[in-house]
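Breakdown of the fold
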Amino acid sequence: MAEITAALVKELREKTDAPMMECKKALTEASGDLAKAEEILRVKLGNKASKAATRVTAEGLIGLHISADAKQGAVIEVNCETDFVAKNDDFVAFVNGLARLVAERNPADVAALSALPYGEGTVESTRTALIGKIGENMSIRRFERIQTPDALASYVHSGRIGVLVEFAGDNEVGKDLAMHIAATKPKALNADGVPAADIATERSVAEAKAAESGKPADIVAKMVDGSIAKFLKEVTLLSQPFVKNDKQTVEQMLKEKKASISKFVLFVVGEGIEKKVTDFAAEVAAAAAGQA
């Protein structure tokens, strides 16, 4: 049997990026044959990735990329299982690389992005290898790309909130808009962009509350309309008080600065993903009961 030297393990690790002990095991199984060991690792990493694929990915990272001329940009959300992995250097590099790839190649959807060349293979093969290396499931959830004749600005807060803004005006306005959006999380630019379902839900709640007042129907109707107007003011960007000067709305600030905003994209990590809540005490009790 060929000697499994440290140099051989190091060479296999550099080729595959697999953990050191996995490299040593693969080389031992392959009797020191480097090519065969690489094949063994690919199988093992693939199996590891498929086992991880059923686990919920509600943590993760927002990646952003804007071209040097600020005319083309992208924001992407890539999820993982734990906040710890979201800070992993390889994971961070992968997410940022994907944001750049989306901006430059303009894939139609996640499937198209996954098929693009990346590193020594494709985005998908790189994702699978990274799952095998780190041991956690990872998934590309969503992305959006903007190409504009105007300008783009962005802001990322702690890697968990990402904003991409299409605007016209000086750079300071763009930066202020992005930070404001990250802080207040508006649903749309104006009332026209608020989802009808959200308005219907708010109206239903307002009607139930107003009905309890016991006031005449015409007064109740006015109360409901007032509640909806208040709701729309709170969730639409242009109507919100500007975070740096709450004496004026965002719309008033833009008018004063002779600027405008055409579009914004806001991603919050894990938003809408149902996280599994583990009751540790219940698990211990169940295990103890099973052993009784």
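Residues numbered from 1 in each chain as written. Predicted model: local features only at pLDDT ≥ 70, side-chain atom pairs only at ≥ 80, totals over all residues. Heavy atoms only, no water.

**A closer look at the pattern of salt bridges**
Taken as a whole and assessed by the stated rule, the structure comprises 14 salt bridges. The closest approach of N and O atoms between lysine 133 and aspartate 90, which form a salt bridge, is 2.4 Å. Taken together, the residues span a long stretch of sequence, with lysine 133 in helix H7 (residues 123-134) and aspartate 90 in helix H5 (residues 89-105) at a distance of 43 residues. Of the charged contacts, one joins lysine 187 and aspartate 198 as a salt bridge, the two residues approaching to 3.3 Å between their closest N and O atoms. Taken together, the positions of lysine 187 in the loop between helix H8 (171-184) and helix H9 (196-211) and aspartate 198 in helix H9 put the pair eleven residues apart, joining distant regions of the chain. We classify lysine 187 as partly exposed; its relative accessible area is 41%. Using a relative accessible area of 26% as the deciding quantity, one classes aspartate 198 as partly exposed. (Salt bridge = Lys/Arg side-chain N within 4 Å of Asp/Glu carboxyl O. Helix = DSSP H or I, 4+ residues; strand = E, 2+ residues; numbered from the N terminus. Buried < 20%, exposed > 50% of the residue type's maximum accessible area, 1.4 Å probe, protein only.)

**A look at the sheet that holds strand E10 (residues 260-268)**
Taken in spatial order, the three strands line up as E6-E7-E10 in an open sheet, and their pairing is antiparallel. At either margin of the open sheet sits one strand with a lone partner, and together these are strand E6 (151-157) and E10. Across the sheet, the axes of successive neighbouring strands diverge by a mean angle of 15°, strand direction being ignored. By the bridge criterion, eight bridges tie strand E7 (residues 161-168) to E10 in an arrangement that is antiparallel. Residue pairing in the sheet places leucine 164 in a bridge with valine 265 of E10. Across the face of the sheet, H8 comes into contact with E6, E7 and E10 while running at roughly 140° to E7. (Pairing = 2+ DSSP bridges. Axes fitted to C-alpha atoms, helices over the stretch in contact; angles between N-to-C directions. Contact = heavy atoms within 4.5 Å.)

**Thoughts on the nonpolar core**
Ranked by internal contacts, the top residues of the largest apolar core, which has 24 residues, are Ile76, Phe91, Leu98, Leu113 and Val123. Only strand E2 (72-80), helix H4 (83-86), H5, H7 and strand E5 (138-147) provide two or more residues apiece to this core. The leading source of residues in this core is H5, at eight residues. Counting 23 residues, the second-largest nonpolar core is a separate cluster that includes Ile161, Val163, Val165 and Phe167. (Core = buried A, V, L, I, M, F, W, Y, C linked by side-chain atoms within 4.5 Å.)

**Let's talk about the pairing of E6**
Pairing analysis gives seven bridges linking E6 to E7, with the strands arranged antiparallel. Bridged to valine 156 within E7 is glycine 162. With antiparallel pairing between neighbouring strands as the criterion, E6 and E7 make up a hairpin whose turn holds three residues, including serine 158 at a positive phi of roughly 55°.

**Here we look at unusual backbone geometry**
Phi at alanine 70 is positive, roughly 60°, even though this residue is not glycine. You can see alanine 70 is positioned in the loop between strand E1 (59-66) and E2. Phi at lysine 185 takes a positive value of approximately 50°, unusual for a residue other than glycine. Counting through the fold element by element, lysine 185 comes out in the loop between H8 and H9.

Keep in mind these numbers describe shape, not what the thing actually does.
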